[in-house]
Each structure stands twice: as structure tokens, then as C-alpha cells.
Amino acid sequence: MRNQTPMRRLFFTLLIAMIDLGQASASDARSYVLLPTGSVLTELRHVDGHAKLPGGKSDVTLESGVTTLKNTYYFDLLGNLAALQLNLPYASVNRSAGPSYVSDQGLGDPSLLLGWGLWGMPALSKSEFSQHRPEGFSSAISLQLTAPWGEYEPNKQVNAGGNRQVQRYELQTAWRSG
């Protein structure tokens, strides 16, 4: 690792950052599900990652696994559906470079997400929801705040937690038909 070129160091740093940010956010289309107000959705999601950076004398391999417990509460906010989600990740990270191998596992950085439907995502009761047929354009926004409370030791090369606060904003749009 001592004889790395600046470009290789930059690539490796970006790779680590992408995997760390992936632990803090697992947003996808399923996060914008339309449910009746008062509903609670509890999910357990696991994501594996594997990256290999070819090198001169040795390759650098990075593997990660993140299991996240998500608990989401849906409610009415100004007539549109809103959601408050708590994410509690548990991470495992392994890095090898030639004969060098380091790993860590433990609690990752927890996050809190507030999502709000802007268009085409009305707040509906259970009876209204059973009659609702969503079609056309919809959009939602979210703000996710990640706290640096995961397991982190500054003298380790890899850590389950990121030791930094992260703010993430998202805008989702969709077209439903049929």
C-alpha cells in the first residue's frame, strides 16, 4: 500500500466512501410505497458488496455486508402521505491487499429519514386506501440524517461506523399506469 500512485489512492478512497455511504442509505423505489396512514412497516434488509482493484504487485479487495433493521411509520402531513423511518445497520467490512487483511464488524451509523409525498401520494385511511387506484404522476421528497454513533476506532483501517454525520436529500418521481 505504500507505493500507491495518487490516482490509485484516490480511486480506493472513493470506493471506501461509496461503501460507507451505502451503509448509511438504502433508499430505493420500495421506500416510497403508498400505505394507509397509521401503518407501520418493519423490514430487515441485507446488502452485500464486493470490489476488486487490480494492482501492480497485489490486488486490493473490499467486501462488505450490511444488514439493516428499518421501522417506518406512515402519517398524514398537510393532506399528503408522510413517513418517518428509523434505520439501524449492522455492518461487516473486510479488506485485503496482498498479505495484509483487516476486518471489522459491528453496529453501523443509525439514521432517521423523513419522507413526504408532494404529488399523487394522498394520505388515506384504511377504508379510503382499499378504494384508491393510483395512476399518473407522483413525487416525493426525503431528508435522511445519519448520526456518527456506530462502532468506530480511529486506529483501525476499516470500521463498521463512519464517524461522520451525513445529510442526504432525495427527490423521487414516478408514472403509474394500468
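Just so we're clear, the structure is a prediction, and the values are computed from it rather than from any experiment. (Residues numbered from 1 in each chain as written. Predicted model: local features only at pLDDT ≥ 70, side-chain atom pairs only at ≥ 80, totals over all residues. Heavy atoms only, no water.)

Caption draft 1: Geometry of the overall build of the chain. Counting its regular elements, the chain contains 2 helices and 7 strands. Along the chain, helices (α) and strands (β) appear in the sequence α-β-β-β-β-β-α-β-β when read from the amino end. Per-residue burial over the chain gives 38% buried out of 178 residues. Accessible area for the chain stands at about 10700 Å²; split by element, carbon and sulfur atoms hold 59% of it. (Helix = DSSP H or I, 4+ residues; strand = E, 2+ residues; numbered from the N terminus. Buried < 20%, exposed > 50% of the residue type's maximum accessible area, 1.4 Å probe, protein only. Areas by Shrake-Rupley, 256 points an atom, 1.4 Å probe, with all protein chains shown as cover.)

Caption draft 2: Broad picture of a nonpolar patch on the surface. Taken together, Val-40, Leu-44, Leu-69, Tyr-73, Leu-84, Leu-86, Leu-88, Leu-112 and Leu-114 make up a surface patch of nonpolar side chains, about 810 Å² in accessible area. Within the residue set of the nonpolar patch, elements represented by two or more residues are strand E1 (40–53), strand E2 (60–77), strand E3 (80–97) and strand E5 (111–119). Per element, the largest residue contribution to the nonpolar patch is 3 residues, and it comes from E3. With respect to the helices and strands, the residue Leu-112 is situated in strand E5. (Patch = residues over 30% accessible without salt bridge, like charges linked within 9 Å, V, L, I, M, F, W, Y side chains within 5 Å. Salt bridge = Lys/Arg side-chain N within 4 Å of Asp/Glu carboxyl O.)

Caption draft 3: The arrangement of the confidence of the model for the chain in detail. Of the residues in the chain, 81% reach a pLDDT of 70 or more, and the chain-wide mean stands at 84. For the chain, the element scoring lowest by mean pLDDT is helix H1 (residues 6–24), at 48; E5 scores highest, at 95. Confidence drops under pLDDT 50 across residues 13–27; counting only partners more than four residues distant or on other chains, this segment forms 23 contacts. (pLDDT = per-residue confidence, 0-100. Contact = heavy atoms within 4.5 Å.)

Caption draft 4: Inspection of the side chain of Gln-85 at higher detail. Along the chain, Gln-85 falls in strand E3. In this structure the side chain of Gln-85 is engaged in a polar contact, spanning 2.9 Å, whose partner is the side chain of Thr-72. A distance of 3.4 Å separates a polar atom in the side chain of Gln-85 from a polar atom in the side chain of Asn-87. (Polar contact = N/O pair within 3.5 Å; in protein donor to acceptor, adjacent residues only side chain to side chain.)

Caption draft 5: Focus on the nonpolar core. Membership of the largest hydrophobic core is limited to 7 residues, which are Leu-34, Leu-35, Tyr-74, Leu-81, Ala-83, Met-121 and Ala-140. Sequence-distant contacts of Ala-83, that is, excluding residues within four places in its chain, are made with Thr-72, Tyr-73, Tyr-74, Phe-75, Leu-113, Leu-114 and Gly-115. (Core = buried A, V, L, I, M, F, W, Y, C linked by side-chain atoms within 4.5 Å.)

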